[in-house]
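# What the coordinates show
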Number of protein chains: 2
Amino acid sequence: MDVFLLFSGGKDSSLSAILLEPFFDVTLVTCNFGFEETWGTAKEVASELGFSHRVLWIDGTILESASDMAVDDGYPNRAINHLHKCALEHVASRHEIVADGTRRDDRVPMLKPPDVQRLEDTKGCMYIRPLLGYGRRAVDTLVNTHLEIEENSSEKIEKSDYEVELRAIIEERQGQEMVHTIFPRQHLQSRVIGRRSFRV
Amino acid sequence: MDVFLLFSGGKDSSLSAILLEPFFDVTLVTCNFGFEETWGTAKEVASELGFSHRVLWIDGTILESASDMAVDDGYPNRAINHLHKCALEHVASRHEIVADGTRRDDRVPMLKPPDVQRLEDTKGCMYIRPLLGYGRRAVDTLVNTHLEIEENSSEKIEKSDYEVELRAIIEERQGQEMVHTIFPRQHLQSRVIGRRSFRV
């Protein structure tokens, strides 16, 4: 059974891949809206973890709408949810089983129950969130068991999530100050650098 | 890492055990309130699936309160949720990681987010629901892959879930008519009779 898992290269989507691995043939999918080449980190991490990886291109007008939302709102939540929903729909149009790394305590991105139902009904897909039943401590415990993580306090973000392209388009169109208004600074970045356990 | 999974012998808790197995040392736990010996089916299924199994005795006054709730309400939902919450608390008082088989589309038993937080905070435990991120179709697909199921339309319930003891105490104290008022008749029963896949 093939599952296509939205993959940013971060801890949650990496752990999700590992949880699915014994039960599915997992392909990791990183979406890109054609504005900036942001998939490099995801591709590297996928290779470190031993999963196949694809980049999926999505219509750039979706990123533009999301950028407008973030600027209008002054914060990025609705925009990131919109990008995530479009990414899931895009993958679900092509594949029967789609998954992501959202977990119990996440607020963004997170599909609400009616959106989950709509996604499955309109696309005829199964949408799986292997971490949804795990809280922060349980996720941290599994991450420490299965992944090697490097933490640093640099401003440079080495991720392939929606935020990177969203920041890039807002910076180009509205300037760097707007980026700092919309996105709270994160003091500690973490990066997946390897895997402690191989297929169990 | 040890995890103690509440286990009724049904499809959902059986599948949950299989999803946890590659990552945890799983012990299946069936609760009993001392009113009727209902754990037999769970013990058999656990053995068929290859997991260790324990019966955990819980104070019978909890079953009595639940019985009152069901009679007052005229339907069993609040009573079953109460029994499930007490069972989780009981296991979480003794073990650090507790799990159950609730899934995305379940309504009963299902802990609300504040109850989940309270359980983890008061007991210092991690509460894991491996099926929470899976919808009905995804669960059915995995069940068909990993479990052998027998369906029959008998009235006899061969389960070890809370409903069995709750029905028994209500029947003894209020009569059979009250049982039929409170519990909707199920036309098709399913029973786990074996496992298709062993540790992957």
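Described below are features of the structure shown in this document. (Residues numbered from 1 in each chain as written. Chains lettered and ligands numbered in written order. Predicted model: local features only at pLDDT ≥ 70, side-chain atom pairs only at ≥ 80, totals over all residues.)

### Considerations on the interface of chain B and chain A
Between chain B and chain A, the residue contacts involve 18 residues of the former and 18 residues of the latter. Those elements that provide at least two residues to the side of chain B that touches chain A are β5 (126-128) and α6 (136-146) of chain B. Per-element tally for the side of chain B that touches chain A: the top contributor is α6(B), with four residues. Along the lines of polarity and charge, the residues of the side of chain B that touches chain A split into 12 nonpolar, three polar and three charged. (Contact = placed C-beta atoms within 7 Å. Helix = DSSP H or I, 4+ residues; strand = E, 2+ residues; numbered from the N terminus. Nonpolar A, V, L, I, M, F, W, Y, C, P; charged D, E, K, R; others polar.)

### Points about the sheet that holds strand β3 (residues 52-57) of chain B
Residues and elements named next belong to chain B. The strand order β3-β2-β1-β4-β5 describes an open sheet built from five strands, whose pairing is parallel. Looking at which strands have only one partner, the edges of the open sheet turn out to be β3 and β5. Between one strand axis and the next, the sheet turns by 30° as a mean value, whatever way the strands run. As paired elements, strand β4 (residues 97-99) and β5 share three bridges and run parallel to each other. In the sheet register, I97 faces β5, and the bridge partner there is M126. Each of β1 (2-6), β2 (25-32), β3, β4 and β5 touches helix α4 (residues 77-94); the most contacted strand, β1, lies at about 160° to it. (Pairing = 2+ DSSP bridges. Axes fitted to C-alpha atoms, helices over the stretch in contact; angles between N-to-C directions.)

### What to know about helix α6 (residues 136-146) of chain A
In an α-helix, one turn spans 3.6 residues; hence positions three or four apart end up facing the same way. Residues of α6(A) that are buried: A:A138, A:V139, A:L142 and A:H146. Viewed along the axis of α6(A), the buried residues span an arc of 100°, placing them on a single side of the element. For α6(A), the secondary structure elements touched by its buried residues are α1 (11-20), β6 (147-152) and β7 (189-195) of chain A together with β5 of chain B. (Buried ≥ 20, exposed ≤ 12 C-beta atoms within 10 Å, placed from the backbone. Arc of directions from axis to C-beta.)

### A word on the sheet that holds strand β2 (residues 25-32) of chain A
Residue and element names in this part refer to chain A. Read from one edge to the other, the open sheet built from five strands follows the order β3-β2-β1-β4-β5, with strand pairing classed as parallel. Bordering the open sheet on either side are β3 (52-57) and β5 (126-128), each of which pairs with just one other strand. Neighbour-to-neighbour, the strand axes of the sheet open up by a mean angle of 30°, direction not taken into account. Contacts between helix α2 (residues 40-49) and the sheet are confined to β2 and β3, with β3 contributing the most and set at about 160° to the helix.

### Describing the environment of A:L63
All names here are of chain A. With respect to the helices and strands, the residue L63 is situated in helix α3 (residues 60-73). Residue classification places L63 among the buried residues on the basis of 26 C-beta atoms within 10 Å. Here the alpha-carbon distance between L63 and P109, two residues 46 residues apart in the chain, equals 15 Å. Setting aside chain neighbours within four positions, we find L63 in contact with F33, F35, E165, L166 and I169.

### Here we look at the relation of the copies chain B and chain A
The two copies are related by a screw operation: chain B maps onto chain A through 180° of rotation and 0.0 Å of translation along the axis, at an RMSD of 0.0 Å. Here the copies are linked by what is in effect a two-fold axis. (Least-squares fit on C-alpha atoms with pLDDT ≥ 70 in both.)

### Considering the packing of helix α1 (residues 11-20) of chain B against α6(B)
All names here are of chain B. In contact at an axis separation of 10 Å, α1 and α6 are set at 75° when each is read in the N-to-C sense. In terms of their interaxial angle, α1 and α6 are classed as roughly perpendicular. Here K11, D12, L15 and I18 of α1 come into contact with α6, specifically with V139, L142, V143 and H146. Within the contact of α1 with α6, the residues separate by chemical class into five nonpolar, one polar and two charged. (Parallel < 35°, antiparallel > 145°, perpendicular 65-115°, else oblique.)

### Digging into the environment of B:A79
Residue and element names in this part refer to chain B. With respect to the helices and strands, the residue A79 is situated in helix α4. C-beta crowding within 10 Å serves as the criterion here: with 26 such atoms nearby, A79 is assigned to the buried category. Measuring from C-alpha to C-alpha, the distance between A79 and L63 comes to 8.5 Å, with 16 residues separating the pair along the chain. When near neighbours in sequence (up to four residues on either side) are disregarded, A79 contacts A66, S67, M69, A70 and L166.

### Section: helix α4 (residues 77-94) of chain A
Given a rise of 1.5 Å per residue, 18 residues ought to cover 26 Å, and the 26 Å separating the end C-alpha atoms of α4(A) matches this to within 8%. All of the buried residues in α4(A) are A:A79, A:I80, A:N81, A:L83, A:H84, A:A87, A:L88, A:H90, A:V91 and A:A92. (Expected span 1.5 Å × (residues − 1).)

### Considerations on the pairing of β2(B)
Residue and element names in this part refer to chain B. By the criterion of burial, β2 is predominantly enclosed, with six of the eight residues buried. Summarising the sheet, β1 and β2 pair through five bridges and their orientation is parallel. Bridge pairing links L6 to V29 in β2. Crossover β1 to β2 through α1 is right-handed. In the sheet, β2 pairs with β3 via six bridges, with the strands oriented parallel. Of the residues in β3, the one forming a bridge with L28 is H53. With helix α2 (residues 40-49) bridging β2 and its parallel neighbour β3, the resulting β-α-β unit is right-handed. (Right-handed = clockwise from strand over helix to strand, strands pointing away.)

### Some thoughts on unusual backbone geometry
Looking along the chain, the bond that leaves A:V108 and enters A:P109 is cis, with omega of -10°. Along the polypeptide, A:P109 turns up in the loop between β4 (97-99) and α5 (113-123).

### With respect to the environment of B:D115
Residues and elements named next belong to chain B. With respect to the element layout, D115 can be found in helix α5 (residues 113-123). Using a count of 16 C-beta atoms within 10 Å as the deciding quantity, one classes D115 as partly exposed. It is 22 Å that separates the C-alpha atoms of D115 and N32, two residues lying 83 residues apart in sequence.

Taken by themselves, the reported measurements are silent on function.
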